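# Per-entry structural report
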Amino acid sequence: MRPAAVLFDCDGVLVDSEPVTDRVIAESFTRHGLPFDAGEVHALFLGGTMAGVAETARHLGADLPADWVDRIYEEMFAALALGTALIPGIERVLDTLDAARIPYAVGSNGPHRKMEITLGQHPGLHDRLRGRIFSRHDVARPKPAPDLYLHAAAVLGVAPAACAVVEDSVPGARAARAAGMTCFGYAPRDDGARLAAEGARPFAAMADLPALLGL
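The shown structure was predicted, so the numbers you read here are calculated from the model rather than taken from an experiment. (Residues numbered from 1 in each chain as written. Predicted model: local features only at pLDDT ≥ 70, side-chain atom pairs only at ≥ 80, totals over all residues. Heavy atoms only, no water.)

## Points about the pairing of strand 5 (residues 182-186)
In terms of residue burial, strand 5 counts as a mostly covered element, since 4 of its 5 residues are buried. Regarding the hand of the β-α-β motif, the stretch spanning strand 4 (residues 163-167), helix 9 (residues 170-178) and strand 5 is right-handed. Of the strand pairs in this sheet, strand 5 and strand 6 (residues 201-203) are connected by 3 bridges, and their pairing is parallel. Paired with G185 across the strands is P202, a residue of strand 6. (Buried < 20%, exposed > 50% of the residue type's maximum accessible area, 1.4 Å probe, protein only. Helix = DSSP H or I, 4+ residues; strand = E, 2+ residues; numbered from the N terminus. Right-handed = clockwise from strand over helix to strand, strands pointing away. Pairing = 2+ DSSP bridges.)

What follows is the structure in structure tokens.
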């Protein structure tokens, strides 16, 4: 069914930021006594909050300082500012939504400053999203709670059941399901089984998304 609005996660859906942030986190963990590589970080923490990442890492034995979340964000921001590519095909997806007059918004567990750095490198895209970029800091609870997507739908003036969500993480897919929204799981590197288990419909390329949306 054609949605009345489409809500996008940011990292890994609009911008290809996850390889950079996974590497930065892995290097920090290793410096603090928990040897991890970027792949392990990605598998364990994709879609979570940095406070949750820190809590889990400490439980696993990392000796993280009290201000680690602030420090790691500064490291991430510096690395992302060096260059963060768009996910291939995402601009064409937005072109298709614009042509169909379907509104869209962004809902991310990341802070606004992070999205200003990553999306801001692409002024055309950033301008299209202005006023419709929402962070977990805009709501009471982050994903996997439904708050963020319910907030975005309310701002757009669209009923939750009429919204589609595009996600690449398990917490995000759970948030979409909790909000009563149809979820499409972007899984370019695997079969999408982890997203399908949360009720999402997996797909491997952004070029496939418009047809899945009925456009």
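## Some points on the sheet that holds strand 5
The sheet built from 6 strands is open, its strands ordered 3-2-1-4-5-6 with parallel pairing. Lying at the two open borders of the sheet, with one neighbouring strand each, are strand 3 (133-135) and strand 6. Between one strand axis and the next, the sheet turns through 25° on average, direction left out of account. Here strand 4 pairs with strand 5 via 4 bridges, running parallel. Within the sheet, the bridge partner assigned to E167 lies in strand 5 and is G185. (Axes fitted to C-alpha atoms, helices over the stretch in contact; angles between N-to-C directions.)

Such coordinate-based values are descriptive only and should not be taken to indicate function.
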